[in-house]
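Remarks on the overall topology
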Amino acid sequence: MFNGALMSLFTLILVSFIATGCDSSETTKTAALSPELQQGKEIVEGRCFACHAQSINGAPIVGNKKMWKTRATQGKAVLVEHAINGIGLMPAKGGFTDLSDEEIGLAVGYMLSQIKE
Ligand code: HEC
């Protein structure tokens, strides 16, 4: 009886300890991102990084302020339109035509968030 109670108490403490541990590390990693930015980040890292991680064909590198400075002044709406329809050596939607216009908007939103101070 006593052993069983002690065991479950121990398990409870252990579980909450592990849960708290996971929580705090998760929080420090993702707390700064809103759901929109988190979704945008996943699209950018999963798709757009094919070119935008290394400047393939001259694609502006995500997080590189110098490369984005002039582009960003066009405003988000224009950038999203260019990303949807394609621009220069970037094909429409980067070639990922399965992405919705809304998803492109989320991705561009994340790209812009990476060049803010
Ligand atoms: C096949 C390579 C490639 C992929 C994949 C790609 N891009 Fe691009 N992207 C480019 C290139 C190249 C440019 C520069 C085009 C230019 O200005 O001539 C560019 C430019 C841009 C710009 C700046 C447009 C402007 O008006 O200055 C945005 C925004 C952008 N890409 C968003 C995205 C998003 C969002 C994705 C993922 C859904 C993506 N790109 C995927 C190659 C790519």
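This text goes with the structure placed above it.
Summary of the structure given here. (Residues numbered from 1 in each chain as written. Predicted model: local features only at pLDDT ≥ 70, side-chain atom pairs only at ≥ 80, totals over all residues. Heavy atoms only, no water.)

Comments concerning the packing of helix 4 (residues 76-85) against helix 5 (residues 101-113)
Quick reminder of the rule: Only the contacting stretch of a helix is used when fitting its axis, a line to C-alpha atoms as for every element, and angles between N-to-C directions run 0 to 180 degrees. Strands are runs of DSSP state E lasting at least 2 residues, helices are runs of H or I lasting at least 4, and numbering of each runs from the N terminus. Under this scheme an angle from 65 to 115 degrees is roughly perpendicular, one under 35 degrees roughly parallel, and one over 145 degrees roughly antiparallel; angles in between are oblique. Crossing handedness is read from the near helix: turned anticlockwise from the far helix by less than a right angle, it gives a left-handed crossing, and turned clockwise, a right-handed one. In what follows, a contact means two residues having at least one pair of non-hydrogen atoms within 4.5 Å. Gly is put with the polar residues, along with every residue not named as nonpolar or charged; the nonpolar set is Ala, Val, Leu, Ile, Met, Phe, Trp, Tyr, Cys and Pro, and the charged set is Asp, Glu, Lys and Arg.
Packing of helix 4 against helix 5 leaves a shortest axis separation of 9 Å and a crossing angle of 125°. Accordingly, the angle class assigned to the pair helix 4 and helix 5 is oblique. Read as a crossing pair, helix 4 and helix 5 show a hand that is right-handed. For the pair helix 4 and helix 5, the contacting residues are K76, L79, V80, A83 and I84 in the first and D101, I104, G105, V108, G109 and L112 in the second. Counted by class, the contact of helix 4 with helix 5 contains seven nonpolar, two polar and two charged residues.

Thoughts on the site of the ligand
Heads up, the rule is: Neighbouring residues are identified by heavy atoms, a residue being near a molecule or strand if any of them is within 4 Å of it. N or O atoms within 3.5 Å of each other form a polar contact, as long as, within protein, one can give a hydrogen and the other can take it, and as long as residues adjacent in sequence are counted only when both atoms are side-chain atoms. Put simply, the grid is 1 Å and covers the protein atoms alone, a cavity is a trapped set of points that fit a 1.4 Å probe, a pocket is an open set with protein on both sides within 12 Å along at least five of seven lines, and lining residues have an atom within 4 Å of a point. For a molecule to be placed in a cavity or pocket, more than half of its atoms must lie within 2 Å of the grid points of that cavity or pocket.
Close contacts around the ligand come from 26 residues, with C48, C51, H52, H82 and M90 the closest. In this structure, H52 approaches the ligand through a side-chain N or O atom, which is 2.8 Å from a nitrogen atom. Residue Q74 places a side-chain N or O atom 2.9 Å away from an oxygen atom belonging to the ligand. Because more than half of its atoms lie within 2 Å of the grid, the ligand is assigned to the largest pocket.

Notes on the pattern of salt bridges
Going by this rule: By definition here, a salt bridge exists when the distance from a side-chain nitrogen of Lys or Arg to a carboxyl oxygen of Asp or Glu is within 4 Å. Only protein chains enter the accessibility calculation, which uses a 1.4 Å probe; a residue whose area is less than 20% of its type maximum is buried, one above 50% is exposed, and one in between is partly exposed.
Going through the model one piece at a time under the given rule, you end up with three salt bridges. K41 serves as the salt-bridge partner of E45, at 3.5 Å between the closest nitrogen and oxygen. A residue pair is termed a helical-turn pair when its members lie 3 or 4 positions apart in one helix, as E45 and K41 do in helix 2 (residues 35-52) at four residues. Residue classification places K41 among the partly exposed positions, given a relative accessible area of 24%. K93 is the salt-bridge partner of D101, the closest N and O atoms lying 3.0 Å from each other.

Remember, this is a structural readout, not a statement about activity or role.
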